Amino acid sequence: METLTIKEEKKQTEATKSVSGSVAVLDALLNENVKTIFGYPGGAIMPIYDALYDYNDRLEHILVRHEQGAIHAAQGFARASGKTGVVFATSGPGATNLVTGLADAMIDSTPLVCITGQVFAHLLGTDAFQETDVINITTPVTKWNHQVTDASEIPAALAKAFYIAGSGRPGPVLIDITKNAQLQLFEYEGYKKCEHIRSYRPKPIVRKEYIEQAAKLINEAERPFVIFGQGVILGKAEKEFKAFIEKAGIPAAWTIMGMSAIPTDHPLGVGMLGMHGNYGPNLLTNECDVLIAVGMRFDDRVTGRLDKYAKQAKIVHLDIDPAEIDKNVKTTVPVWGDCKETLPMLTALVESKVYPQWLQKFHDCMAKEQSLCIDPEMNPATDILTMGEVIKALNELTDGNAIIVTDVGQHQMVACRYAQMNQTKSNITSGGLGTMGYALPAAIGAAYGDPSRTTVAIIGDGGFQMTIQELGTIMQFKPNVKILILNNQFLGMVRQWQQLFHEKRYSFVDITSPDFVAVAKGYYIDGQRISERSELKAALKTMIDHDGSYLLEVMVGKENNVFPMVPQGRGVSEIVLSKEEI
């Protein structure tokens, strides 16, 4: 048996110190370079908040008004900064209030570490006050979750949490810490970042033979088409992606989540895919001969009917998550790996080409869409304002450099169709889950994630009322958020479907709203409401130039619809430009 010398024993004693589990939590955050936490205190997490009292000079805590606001704010922070968002919540209802945000972050691959308090370990399973089985509740909507019942487990659990959340395909992680573990003193040997987990491979091994096969298909193609998603942004591969499409000369279209990976006015950028995307990218998906998908998952809103999707094309799919390969669309050549690594390898092998006739087909489609959809939206013949002309006027003021955060509904589709974006991480929205109420708290988080940029939250009158209480967070902490409410006095997207597919039987979509400007002023936030075209540009300029947060409510047409549209149950090439075609 080994014995320690007096010198070695002294050195070992100096390397350890007795600390509480709560202090270990906060020390872990500092070691992971966390500076901002979004949260709400409660009984089961009180020891961590007590320890946080002594960390105010190193950790900024934003007290939200609801735990759902905390997790959406952390999402916005992560999406704007490229870092992992951090959330604190208590047990029971505090933890269950995170579930929608966890589901949203899971489907949109947003890196989060959520730390929840839990009842004392000896009370687990007794239906104690504010006890819920948060681990089983959140297992389907987290990348990993874990319950800690002993303080000594905290450093390793949090190191693992940050590693899993931010590596590979990112996602949310939840660590549930019992109250006794937060209070317990233990011999703390310091924090060690996690860099490897034996059972977890965040990046698949890149197979060069697949890169070569993909390059061969691309080089032989006559009508190649690139579709790309958020994987390009998450992989920090914007430069590599741009180099690839520019060398190969291939038209490229983005998903909603991939928007801003390249500037929206890039010469090879042909618009947005999806149900309310641009006419050309949807129609010509079924005319390309090679379809190259980069960092996207062939979501149903992009593909429409799978049995009518790109059946003529050979498919090359680049993705970091092997589970996405062949999940929805059968791939000819799968390219597993981080696109920051695989794209340069592919670019080196593709030939430098241009496809003027093929690209012109996209331009011709855009001209048709411009005439039938865009011009009437941007230059309406009536005195009633449209959502599109509001976004057009906003573009003139932001020059495409703002962070645009949207809620869910018609305004979301219009903003994503028409907003100009020159920088990456400019489009923050709830893509996969479609969470109404997302935008206001997410915009708060985005303002902390990148305070150097203007953050504009574009929200409908319905979604705004779902998290309206987060105006209190703005009031107290004063993040600079420009709130633009596009009020059509309806739950607009549901109303559009009821009009088009349910014989205009408007069932509970006519929503009454409060005086939003008066509500905002109750929170000491300035604002105004307009309804006239002559007021629009000046009002938007006032909003953008205002020192601090500002709310602008714009009254828009009640029954305006968003087109083009791929009706549900149809293929992407069956996209329609007006309600008369349905």
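Our structure is the block above this text.
Residues numbered from 1 in each chain as written. Predicted model: local features only at pLDDT ≥ 70, side-chain atom pairs only at ≥ 80, totals over all residues. Heavy atoms only, no water.

**Here's the deal with helix α18 (residues 410–418)**
Just so we agree on the cut-off: Residue exposure (1.4 Å probe, protein chains only): buried if accessible area is under 20% of the type maximum, exposed if over 50%, otherwise partly exposed. Numbering of helices and strands starts at the N terminus; helices are DSSP runs of H or I of at least 4 residues and strands are runs of E of at least 2.
Most of α18 sits inside the fold, with nine of its nine residues counted as buried. Three or more residues of α18 are buried, namely Gln410, His411, Gln412, Met413, Val414, Ala415, Cys416, Arg417 and Tyr418.

**Details of helix α10 (residues 208–220)**
To keep things clear, this is the line we draw: By this rule the span expected of a helix is its residue count minus one, scaled by 1.5 Å. Note on definitions: a residue-residue contact is assigned when non-hydrogen atoms from the two residues lie within 4.5 Å.
The terminal C-alpha atoms of α10, which comprises 13 residues, lie 19 Å apart, in line with the 18 Å expected from a rise of 1.5 Å per residue. Looking at the packing, one finds that the buried side of α10 touches α12 (238–248), β12 (290–294), β13 (314–319), β14 (333–336) and α15 (339–349).

**A closer look at the state of the cysteines**
Our working rule: Two cysteine sulfurs form a disulfide in these notes if their separation is within 2.5 Å.
For the coordinates displayed, the defined rule picks out zero disulfides. With no disulfide of its own, cysteine 365 lies 12 Å from the sulfur of cysteine 373, the closest cysteine sulfur.

**Digging into the pattern of salt bridges**
Side chains that carry opposite charge are capable of pairing whenever their charged atoms lie near each other. Convention followed: Any Lys or Arg side-chain nitrogen located within 4 Å of an Asp or Glu carboxyl oxygen qualifies as a salt bridge.
According to the stated counting rule, one finds 21 salt bridges in the structure shown. One salt bridge in this structure joins arginine 169 and glutamate 324, with 2.7 Å as the shortest N-O distance. Of the two residues, arginine 169 is situated in the loop between α8 (154–166) and β7 (172–178) and glutamate 324 in the loop between β13 and β14; the sequence distance between them amounts to 155 residues. Arginine 169 sits in the partly exposed class, given a relative accessible area of 23%. Residue classification places glutamate 324 among the buried residues on the basis of a relative accessible area of 6%. For glutamate 369, the salt bridge identified is with arginine 417, shortest N-O distance 2.7 Å. In this pair, glutamate 369 is assigned in helix α16 (residues 356–378) and arginine 417 in helix α18, connecting sequence segments 48 residues apart. The same class applies to glutamate 369 and to arginine 417, which are both buried. A single salt-bridge network, built from bridges that share partners, covers Arg169, Asp321, Glu324 and Lys327.

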